[in-house]
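Secondary and tertiary structure notes
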Amino acid sequence: MSAQAEQTLVICGHGMVAQRLLEKLVVQPQRPFERIVVFNGEASPAYNRIQLSALLAGDANEDSLQLQQPDWYRHNNITVNQGDPVTAINREDRTVTTASGQTQRYTSLVLATGSRSASLGLEGESLEGVMGFRDLKDTRQLIQTSQRHRRAVVIGGGFLGLEAAEGLRSRGMAVTVLHRGSHLLNRQLDETGGALLEQALTERGLSIRTQTSPVALIGRNLVRAVQLDDETLISTDLVVIAAGITPNTELAREAGLDCERAIRVNPQLQTSDPQIFALGECCQLENQTFGLVEPGYQQADVLAQVLCHSDSQAAFAPSTIPTRLKISGIPIFSCGQTDADAETESVIWQDYDTNRYCRLLIRDQRLTGAVLFGETSDGPWYNERIQQADDISPYRAHLAFGKHYCEAA
Ligand SMILES: Cc1cc2nc3c(=O)[nH]c(=O)nc-3n(C[C@H](O)[C@H](O)[C@H](O)COP(=O)(O)OP(=O)(O)OC[C@H]3O[C@@H](n4cnc5c(N)ncnc54)[C@H](O)[C@@H]3O)c2cc1C
């Protein structure tokens, strides 16, 4: 058993949210832990996962993704074990065991195990050349494949799939995107926004097929083709599955923690075991799970307070988080509601020449959603109106023209 200190915080997973928690913990005036020990499944220290899209597109390099220099961990007395995932939690002894055989005692344990690319359960998914787009290892492999091969199919027309497709295209591959929904980014854009996006991506050279699903991936060892539900066969050398994420809950389940789609927590991020906490993409609050970094950062703020102050009243409350597509030259902003229902009115503004589009959704004179395509600089201002539930009636006529017009009104 490794050296043990009286009060040890163990963190399982070293992704973006665990790193934010560490940064919040080290600035707390009182820390009830003598030691912080981190175990990570990946070989690299925490990095900016969001920027993997830029790395794939050739717009960033690996060094620029690093979140902290190695000195920072030493300076803050944090022990990080890279490439040594936790394989078991013993709740009775309050220890974790890792793949390399280390056993570490904890006073409190934080699970920040994130998620992985969801499997589609397709025949042929285990063939060589079929992969997800989740971590640095995947990204390096995608870059290498783009240097050796020419054709790729990306399954999923959400943010991740489109960023993967555009990255591979910019590296010279002929890319087909398969999307089950009626339009691209159907969770973030309305139909018009989706059609404008499809047009912009098609003009760049992507081949896009909506309302279609793959039924099998075909090949002997290497993937060679994707078969669609209408019998079409698309020849390919690479298949990227970017159709959702699955929270990493196995460790928690095996330890008997209450899990549903993810690890269940209360607003203080406590699991069904009061000594164990979970946050980021691996946690579930009521019926909500999280696939963006911002809620994870908010959870890290709360958990740092909870861990350092036994009487803390800090509590995490999910809020509407705006999303942006990270494909250069195609600005998209989406926040809140995207499609009208019976109680919602829409204000729509479209410039056909410049392909700018704005749709604002309003209920009871309150903004409930904003979809912006082409020009997104007012996105944060619309988001503020949504968060604050402001009465927009004094400037409703100017709303589609953005902050400056509304403030002048
Ligand atoms: C290409 C890409 C682009 C993205 N773009 C955006 C974006 O623009 N905006 C946005 O908000 N979000 C984006 N996301 C999502 C965002 O990256 C995640 O929401 C965020 O990283 C979640 O952080 P996390 O710490 O919960 O999990 P992760 O960052 O996934 O980290 C979890 C870590 O835990 C490790 N782990 C798992 N099991 C164990 C174990 N048993 N023991 C030890 N370690 C373990 C994993 O190896 C991993 O390193 C993107 C994701 C990807 C992949």
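Residues numbered from 1 in each chain as written. Predicted model: local features only at pLDDT ≥ 70, side-chain atom pairs only at ≥ 80, totals over all residues. Heavy atoms only, no water.

With that settled, the discussion passes to the UniProt feature "domain: FAD/NAD(P)-binding" (unreviewed entry) in the protein. When the UniProt feature table is mapped onto this chain numbering, "domain: FAD/NAD(P)-binding" (unreviewed entry) sits at residues 35-294. Taken end to end, residues 35-294 has its terminal C-alpha atoms 27 Å apart, with 24% of it in helix and 29% in strand. (UniProt positions renumbered as here; feature names shortened; annotations may be inferred. Helix = DSSP H or I, 4+ residues; strand = E, 2+ residues; numbered from the N terminus.)

Next up on the list: helix H6 (residues 159-170). Taking 1.5 Å of rise per residue, the 12 residues of H6 would be expected to cover 16 Å, and the 16 Å separating its terminal C-alpha atoms lies within 8% of that figure. Considered for burial, the residues of H6 that qualify are Phe159, Gly161, Leu162, Glu163, Ala164, Ala165, Glu166, Gly167 and Leu168. Gly172 sits one or two residues past H6 and shows a positive phi near 100 degrees. (Expected span 1.5 Å × (residues − 1). Buried < 20%, exposed > 50% of the residue type's maximum accessible area, 1.4 Å probe, protein only.)

We now examine the packing of helix H1 (residues 16-26) against helix H9 (residues 293-308). Axis separation between H1 and H9 bottoms out at 8 Å; the angle between their running directions is 40 degrees. Here H1 runs over H9; the crossing is right-handed. Counted together, Met16, Val17, Arg20, Leu21, Lys24 and Leu25 of H1 and Val293, Gly296, Tyr297, Ala300, Asp301, Leu303, Ala304, Leu307 and Cys308 of H9 form the full contact between these two elements. Across the contact of H1 with H9, the residue classes tally to 11 nonpolar, 1 polar and 3 charged. (Axes fitted to C-alpha atoms, helices over the stretch in contact; angles between N-to-C directions. Left-handed = near helix turned anticlockwise from the far one by under 90°. Contact = heavy atoms within 4.5 Å. Nonpolar A, V, L, I, M, F, W, Y, C, P; charged D, E, K, R; others polar.)

Turning our attention to the sheet that holds strand E23 (residues 332-336). The strand order across the open sheet built from 5 strands is E22-E23-E26-E25-E24, with neighbouring strands paired in antiparallel fashion. Only two strands of the sheet have a single neighbouring strand rather than two, namely strand E22 (323-324) and strand E24 (345-351). Pairing of E23 with strand E26 (residues 366-373) involves 5 bridges; the strand directions are antiparallel. Of the residues in E26, the one forming a bridge with Phe333 is Leu372. Sheet contacts for helix H7 (residues 191-204): E23, E24, strand E25 (356-363) and E26; angle to E26, the most-contacted strand, approximately 15 degrees. Packing against the sheet, helix H10 (residues 379-388) makes contact with E22, E23, E25 and E26, and its axis sits at approximately 160 degrees to E26. (Pairing = 2+ DSSP bridges.)

Extensive coverage of strand E2 (residues 35-39) is indicated by the burial of 4 of its 5 residues. Bridging between strand E1 (residues 8-12) and E2 involves 5 bridges; their strand directions are parallel. Looking across to E2, one finds that Cys12 is bridged to Phe39. One ladder, built from 4 bridges, connects E2 with strand E3 (residues 78-81); its direction is parallel. Paired with Val38 across the strands is Val80, a residue of E3.

Take the packing of aromatic side chains next. By the definition in use, this model includes 6 aromatic pairs. Note on Trp349 and Phe401: the rings are 6.5 Å apart at their centroids and 85 degrees apart in plane angle, and the pair reads as edge-to-face. Placement of the pair is Trp349 in strand E24 and Phe401 in the loop between H10 and helix H11 (403-408), with a sequence separation of 52 residues. Overall, the relative accessible area of 42% leaves Phe401 in the partly exposed class. These aromatic residues form a ring-pair network of at least three members: Trp349, Phe401 and Tyr405. (Phe/Tyr/Trp six-rings, centres within 6.5 Å; stacked < 30°, edge-to-face > 60°.)

Glu42, Arg49, Arg134, Glu281 and Lys326 are the nearest of the 31 residues found near the ligand. Residue Gly13 places a main-chain N or O atom 3.5 Å away from a nitrogen atom belonging to the ligand. For the ligand, whose free accessible area comes to 1000 Å², the fraction covered by protein is 88%. Secondary-structure elements contributing two or more residues to the shell around the ligand are H1 and helix H2 (52-57). A breakdown of the residues in the shell around the ligand according to their chemical character gives 14 nonpolar, 12 polar and 5 charged. Viewed by domain, the shell around the ligand spans two of them, domain 1 (8-116 + 245-308) and domain 2 (130-241), each represented by three or more residues. (Near = heavy atom within 4 Å. Polar contact = N/O pair within 3.5 Å; in protein donor to acceptor, adjacent residues only side chain to side chain. Areas by Shrake-Rupley, 256 points an atom, 1.4 Å probe, with all protein chains shown as cover. Domains from an automatic or database assignment.)

The subject of this paragraph is the sheet that holds strand E21 (residues 288-289). What links the strands of a sheet is backbone hydrogen bonding, and the strands pair in either a parallel or an antiparallel sense. One open sheet accounts for 3 strands, arranged E18-E20-E21; its pairing is mixed. In this open sheet, the two edge strands, each paired with only one partner strand, are strand E18 (263-265) and E21. As judged from the 2 bridges shared by strand E20 (residues 283-285) and E21, these two strands associate in the antiparallel manner. What sits directly across from Gln284, in E21, is Thr289.

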